[in-house]
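Next come the chains, spelled out residue by residue.
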Amino acid sequence: MNAIVLPAAAALNNRYFLDYPHEVARQVERLSAQDAAALLAGRTAPALVRVWQAMTPETAAAALQALPAPLARQALTEAEPAAAAAALAQLEAEAREPLLANLDAQVAVELRG
């Protein structure tokens with residue numbers, strides 16, 4: 001593809017993620033956790049967060065574990081607290097605590113409930 005088409009396609013994809021997060025989330029939930037994380041990681045931060053928090057808690061938790069640490073931190077910090085807490089609740093303590101330790105203390109306290 002040429003140099004003009006790729007940025008335009010990426011912008012359209014991000015716009016779709018922002019405008020239709022629930023529809024995108026339903027499709028992302030069909031992917032493996034690794035594929036979902038790769039797809040989310042390729043989006044802008046607002047697009048990643050909107051779709052991630054629209055996912056079911058179970059699939060959001062699985063994707064969260066597969067995301068690179070900075071993106072997992074971003075998702076947990078910028079998502080609605082209820083969505084972040086619901087995803088974290090799906091994880092065993094040994095998987096949840098490293099994610100919480102990567103957050104600002106105030107955010108971690110809030111998500112711990």
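Here, the structure is the one placed above.
Asks: What's the story with the overall build of the protein in this structure? I'm lost.
Replies: From N to C terminus, the protein includes nine helices and zero strands. Secondary structure of the protein in N-to-C order comes out as α-α-α-α-α-α-α-α-α. Expressed along its principal axes, the backbone C-alpha trace of the protein runs to roughly 45 × 25 × 20 Å. Classification of the 113 residues of the protein by burial places 34% in the buried group. As presented, the protein carries roughly 6,300 Å² of accessible surface, and 57% of it is formed by carbon and sulfur atoms. Side-chain charges in the protein split into 8 positive and 12 negative, and the spacing between the mean points of these groups amounts to 5 Å.

Asks: In this structure, what is going on with the nonpolar core? I would like to understand it.
Replies: The nonpolar side chains of soluble globular proteins are, as a tendency, buried together. In terms of nonpolar packing, the biggest core is built from 34 residues, with Leu40, Trp52, Met55, Leu64, Leu76 and Leu88 touching the most fellow members. Looking at this core element by element, the count peaks at six residues for helix α4 (residues 45-54). In contact with Leu64, not counting residues within four places along its chain, are Trp52, Ala72, Ala75, Leu76, Leu88 and Leu99.

Asks: Looking at this structure, how should I read the pattern of salt bridges?
Replies: All told, the structure shown has four salt bridges when counted by the stated rule. Here Glu29 makes a salt bridge to Arg26, at a shortest N to O gap of 2.8 Å. When the shortest N-O distance is used, the salt bridge between Asp104 and Arg73 registers 3.0 Å. Of this pair, Asp104 sits in the loop between α8 (93-101) and α9 (105-112) while Arg73 sits in helix α6 (residues 69-78), and the two are 31 residues apart along the sequence. With a relative accessible area of 30%, Arg73 lands in the partly exposed category.

Asks: Before we go on, may I ask you to explain the environment of Gln27 in this structure?
Replies: Structurally, the position occupied by Gln27 is in helix α2 (residues 21-28). By relative accessible area, which is 43% here, Gln27 ends up partly exposed. Residues Gln27 and Ala10, spaced 17 residues apart in sequence, show a C-alpha to C-alpha distance of 18 Å.

Asks: Got a minute to help me understand the packing of aromatic side chains in this structure?
Replies: The relation between two aromatic rings is expressed through the spacing of the ring centres and the mutual angle of the planes. Applying the stated criterion to the full structure yields one aromatic pair. For the ring pair Tyr16 and Tyr20, a centre distance of 5.1 Å and an interplane angle of 40° mean the geometry is tilted. Positioned over the ring face of Phe17 is Arg43, at 4.9 Å from the centre of the ring.

Asks: What am I meant to see in the side chain of Arg43 here?
Replies: Mapped onto the secondary structure, Arg43 falls in the loop between α3 (33-41) and α4. Buried and without a salt bridge, Arg43 has Asp35 as its closest oppositely charged side chain, separated by 12 Å. Ignoring sequence-local partners within four residues, the contact set of Arg43 consists of Asn13, Asn14, Phe17 and Leu48.

Cut-off values and rules
- Residues numbered from 1 in each chain as written.
- Predicted model: local features only at pLDDT ≥ 70, side-chain atom pairs only at ≥ 80, totals over all residues.
- Heavy atoms only, no water.
- Helix = DSSP H or I, 4+ residues; strand = E, 2+ residues; numbered from the N terminus.
- Buried < 20%, exposed > 50% of the residue type's maximum accessible area, 1.4 Å probe, protein only.
- Areas by Shrake-Rupley, 256 points an atom, 1.4 Å probe, with all protein chains shown as cover.
- Lys, Arg positive; Asp, Glu negative; His and termini not counted.
- Charge placed at Lys NZ, Arg CZ, Asp CG, Glu CD.
- Core = buried A, V, L, I, M, F, W, Y, C linked by side-chain atoms within 4.5 Å.
- Contact = heavy atoms within 4.5 Å.
- Salt bridge = Lys/Arg side-chain N within 4 Å of Asp/Glu carboxyl O.
- Phe/Tyr/Trp six-rings, centres within 6.5 Å; stacked < 30°, edge-to-face > 60°.
- Lys NZ or Arg CZ within 6 Å of the ring centre and 35° of its normal.

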